Amino acid sequence: MTQKQTRRVLILFSIDLVVLGVSLCIFALFHHVLPHSIGNLYGSTRSGELLDFSEKFPDVFAQEGQVIREDGVYRDENVSLTVTTHAENGVTYYVADFYVRHITSLRTAMASEEFATGVSDSVLNIAKKSDALVAVSGDYFGIRQRGIVIRNGQIYRKTKAHQICVLYYDGTMETYSFEEFDVERAIAGGAWQAWDFGPALLDRNGKAVTSFHPGIAGENPRVAIGYYEPGHYCFITVDGRQAHSRGMTLKEMAALFEKLGCKRAYNLDGGHSAAMVVEGELFSSPSKENGRNISDIVYLTATPPRKEEE
């Protein structure tokens, strides 16, 4: 091959590399940066009668038409919420302990009010729009192309990515490894919510998991959801990366949920995303001002079930 031919091959190869690079950038921009509405792809998981947990907890809820607001306490005929602040061992964390009469009071909301990637907003703003009593960051589904997404009984994405947590219409909550999770079985079982983030913090006996991947195990701001029994749950948000609070390791977080008596617990998006909002006000202290924007929240609402959910 002559020197001229060699130069020509190199030029063509360079052009191919540039075209490939531009194509990859466009692909990344479309799939990871620009808003991309996907919509509801698979329909609803709704099946069976909506359970009423009030008979299990006769002294928890307020009387019909009554609303009780005290320091850190909210109660009406549908929900009962107690929010407490704790500071110990160089860590500040917040526990929102709550009961629901119907599982539909434990909801999720998306930043764009539709399933889309590349769209985000603060936990505070999404919570205000959703009229949330208490809200925390979700699993940030919008930053990934894979990962189960079932929200408020609607199925948006079926491809799995990590450990998965499912909240069912009957009020039970279960965590699954990537290998054991079967999306069709979860749908058939009546999945109300499904998150794909993790890891699970408690084992099937309600004992704290003690071993985690070192890349995510360290001290950080944290958010997680806990399950006691059908109708009784909690959110925990941990401040971190600040002078008043160093954050928690996953091992510490798991031990806390075991201490509280939860049967299951599941880690949600933390770090700069970690935030708790109570009745329209930022309750925790995010490591980034107002917290990092995120695609979704998990929240408690006092709004009664919609007709289609009854």
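Criteria and cut-off values
- Residues numbered from 1 in each chain as written.
- Predicted model: local features only at pLDDT ≥ 70, side-chain atom pairs only at ≥ 80, totals over all residues.
- Heavy atoms only, no water.
- Helix = DSSP H or I, 4+ residues; strand = E, 2+ residues; numbered from the N terminus.
- Contact = heavy atoms within 4.5 Å.
- Buried < 20%, exposed > 50% of the residue type's maximum accessible area, 1.4 Å probe, protein only.
- Pairing = 2+ DSSP bridges.
- Core = buried A, V, L, I, M, F, W, Y, C linked by side-chain atoms within 4.5 Å.
- Arc of directions from axis to C-beta.

Colleague: Report on the environment of G72, specifying residues and quantitative values.
Modeller: Here G72 is to be found in the loop between β2 (68-70) and β3 (73-75). Separated by 10 residues in sequence, G72 and T82 place their C-alpha atoms 5.5 Å apart. Dropping the residues within four chain positions of it, G72 is found in contact with L81, T82 and V83.

Colleague: Outline the environment of N220, supporting the account with residue identities and numerical values.
Modeller: With respect to the helices and strands, N220 occurs in the loop between β13 (191-197) and β14 (222-229). Along the sequence, N220 and G240 sit 20 residues apart, while their C-alpha atoms lie 5.4 Å from each other. When sequence neighbours within four positions are dropped, the list of residues in contact with N220 reads V238, R241, R246, G247 and M248.

Colleague: Please set out the pairing of β13 residue by residue, giving values where relevant.
Modeller: Burial analysis of β13 places 6 of its 7 residues in the buried class, the great majority of the element. Where strand β11 (residues 163-168) and β13 come together, 6 bridges link them in antiparallel fashion. Bridge pairing in β13 links I164 to D196.

Colleague: Would you mind going over the nonpolar core in detail, with residue names and values included?
Modeller: Counting residues in each nonpolar core, the largest one holds 38 residues, and the members touching the most others are L81, F235 and M276. Here this core gets 5 residues from one element, more than from any other, and that element is strand β5 (residues 91-100). Ranked by size, the runner-up nonpolar core spans 20 residues in total, among them Y93, V95, L201 and C262.

Colleague: Which residues make up helix α4 (residues 250-260), and what values go with them?
Modeller: The set of residues buried in α4 consists of L250, M253, A254, L256 and F257. Seen end-on, α4 carries its buried residues on one side only, within an arc spanning 160 degrees. Of the surrounding elements, those touching the buried residues of α4 are β5, β14, β15 (232-238) and β16 (264-268). Backbone geometry just downstream of α4 places G261 in the positive-phi region, at approximately 95 degrees.

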